[in-house]
Amino acid sequence: MERIGIFGGTYNPPHVGHIGAAIYGKGALCLDKLYLIPSYISPHKALPVGSPTPQQRLEMVALSAQNTDLTVSDIELSRGGASYTYETVLALRKQHPEAEIFLLTGTDMFLTLDQWREAELLLSMVTLVVFYRGDKDERRQIEAKKAFFAEKGISAIVMENAVTEISSTQLRRMLVFNCATPFLNEKVHSYILENKLYGTGENYKNLPIEELEKVVCSLVKPNRVAHILGCRDTAVQLAKKWGANEADAARAGLLHDITKALDGPLQLTLCDQYGMELDDFSRAYPKTLHAHTGAMVAQRIFGENDAVVSAIHSHTTGKAGMNVLEKIIYVADYMEPNRNFDGVEALREAAFTDMDKAMVMGLEMTVSLLKKEGKTISKESLEALKDLKNTP
């Protein structure tokens with residue numbers, strides 16, 4: 001019996017993770033053919049504003065699949081309208097009437113399959129295959145869903161995805177940061193740059209503050225926006241109080257978490273792409289790197305001045321000899337209006353009466369929490385405390 005695989009999605013953009021998983025799946029499942037099928041209109045999620053056209057996404061998938069034994073299909077683009085998978089499977093069954101059809105998905109799609117259009121019909125026609133990234137909690141969710149399907153007589157195969165893993169959302173951020181090369185087929189990367197897709201043709205340097213806000217809010221996670229705007233507003237208020245440059249305070253406040261959405265491995269990738277040498281602490285705790293990578297992005301992509309870049313660089317750990325703007329961004333990040341923890345009101349009061357006292361309070365709270373959690377404290381934080389307390 002012929003064995004046919006379907007690996008669909010928006011492919012916005014297609015990356016090495018998609019192609020690597022497809023190649024691995026085709027081999028592991030002994031498929032005679034594996035179709036890569038870009039959707040025309042995804043019924044599951046709206047594409048971000050400014051996304052490529054369906055035809056451009058198809059062309060990028062075709063470039064990605066060159067020199068592989070994968071088959072690219074325009075079946076959903078030709079059909080038009082919302083791309084419902086059950087319709088695609090019905091069409092492929094006409095082409096391969098005797099075949100066993102395998103539907104390959106990622107975790108998110110697998111967990112919601114029973115909610116898809118004509119789910120019962122769809123699930124009766126395919127064998128499910130789900131790729132997962134090895135996370136224990138993710139695996140538990142998959143196994144629970146697999147058991148749910150099994151009770152309904154629906155089989156599912158779970159395959160660990162051992163190839164490069166990056167979400168398309170993260171990749172779009174890395175494209176803006178000019179650090180996406182490791183995750184894209186060279187021809188796809190060239191296609192994106194030539195067609196100025198995903199904001200790669202934009203000039204982000206020295207944007208007016210209103211435009212900077214829009215760009216920043218589009219690059220961070222939605223649940224981070226309120227914090228960023230709160231930090232900006234607080235930084236401006238503190239700049240007025242302590243005589244710092246208000247424009248620099250606003251820009252540093254907006255940009256301080258610009259790379260916060262990137263996970264640890266992507267932080268390390270950004271550092272490698274920018275040629276930044278890291279110490280042992282940074283490599284051991286890559287989630288703390290967003291201050292360093294954020295400063296580099298602020299400088300290289302947004303063209304910010306040295307004062308703004310330096311304030312972003314020190315906003316998580318502090319450092320010895322901090323200037324007024326650096327202290328303002330550190331404290332504003334800690335106590336902006338969306339923060340809620342024991343001691344925050346006292347910290348807010350100190351920020352407008354004694355900035356050094358507020359710095360010491362923030363640093364001591366951080367050190368105390370890290371000690372309680374058994375985590376390593378950065379030397380920069382300890383040096384900042386020593387400097388502020390004027391201790392030998």
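Here the residue numbers are simple positions, counted from 1 along each chain's written sequence. Whole-chain, interface and lining totals are the exception, using all residues; otherwise, since this is a predicted model, local features are given only for residues with pLDDT of at least 70 and side-chain atom pairs are given and counted only at 80 or more. Water and hydrogen atoms were dropped before computing side-chain values, which therefore reflect all heavy atoms in the structure.

Undergrad: Even after reading the chapter, I still don't get the pattern of salt bridges, so can you show me in this structure?
TA: Pairing between side chains becomes possible if they bear opposite charge and their charged atoms approach one another. Take a side-chain nitrogen of Lys or Arg and a carboxyl oxygen of Asp or Glu: if they are within 4 Å of each other, that pair is a salt bridge. The full count for this structure, using the stated rule, is 17 salt bridges. With a closest N to O distance of 3.2 Å, Glu-87 and Arg-79 form a salt bridge. Of the charged contacts in the structure, one is a salt bridge between Arg-224 and Asp-257, with a shortest N-O distance of 3.0 Å. Linking Arg-224 in the loop between helix 10 (209-219) and helix 11 (225-242) with Asp-257 in the loop between helix 12 (246-255) and helix 13 (264-274), this pair joins segments that are 33 residues apart in sequence. Judged by relative accessible area, Arg-224 falls into the partly exposed class, the value being 21%. By relative accessible area, which is 1% here, Asp-257 ends up buried. One connected set of salt bridges, linked through shared partners, spans Glu-213, Arg-232 and Asp-233. Numbering of helices and strands starts at the N terminus; helices are DSSP runs of H or I of at least 4 residues and strands are runs of E of at least 2. Using a 1.4 Å probe on the protein chains alone, a residue whose accessible area is under 20% of its type maximum counts as buried, one over 50% counts as exposed, and one in between counts as partly exposed.

Undergrad: Is there a simple way to think about helix 12 in this case?
TA: Every α-helix winds through 3.6 residues per turn, so residues three or four apart in the chain are directed the same way. The element helix 12 is extensively covered by neighbouring structure, given that eight of its ten residues are classed as buried. Three or more residues of helix 12 are buried, namely Asp-248, Ala-249, Ala-250, Arg-251, Ala-252, Gly-253, Leu-254 and Leu-255. Backbone nitrogen of Ala-247 and a side-chain oxygen of the N-cap are separated by 3.0 Å at the start of helix 12; the cap is Asn-245. Nitrogen and oxygen atoms within 3.5 Å of one another constitute a polar contact, given that in protein one can donate a hydrogen and the other can accept it, and given that sequence-neighbouring residues count only through two side-chain atoms.

Undergrad: Looking at this structure, I do not really get helix 11. What am I missing?
TA: If you check helix 11, its first and last C-alpha atoms are 26 Å apart, about what 18 residues at 1.5 Å a residue would give, namely 26 Å. In this description, contact between two residues means that some pair of their heavy atoms is separated by no more than 4.5 Å. In this fold, the buried residues of helix 11 make contact with helix 10, helix 12, helix 17 (324-335), helix 18 (344-351) and helix 19 (355-372). In the stretch just after helix 11, Gly-243 is the one whose phi turns positive, near 75 degrees. A helix is expected to span 1.5 Å multiplied by its residue count minus one.

As far as function goes, none of this settles anything; it's purely spatial.
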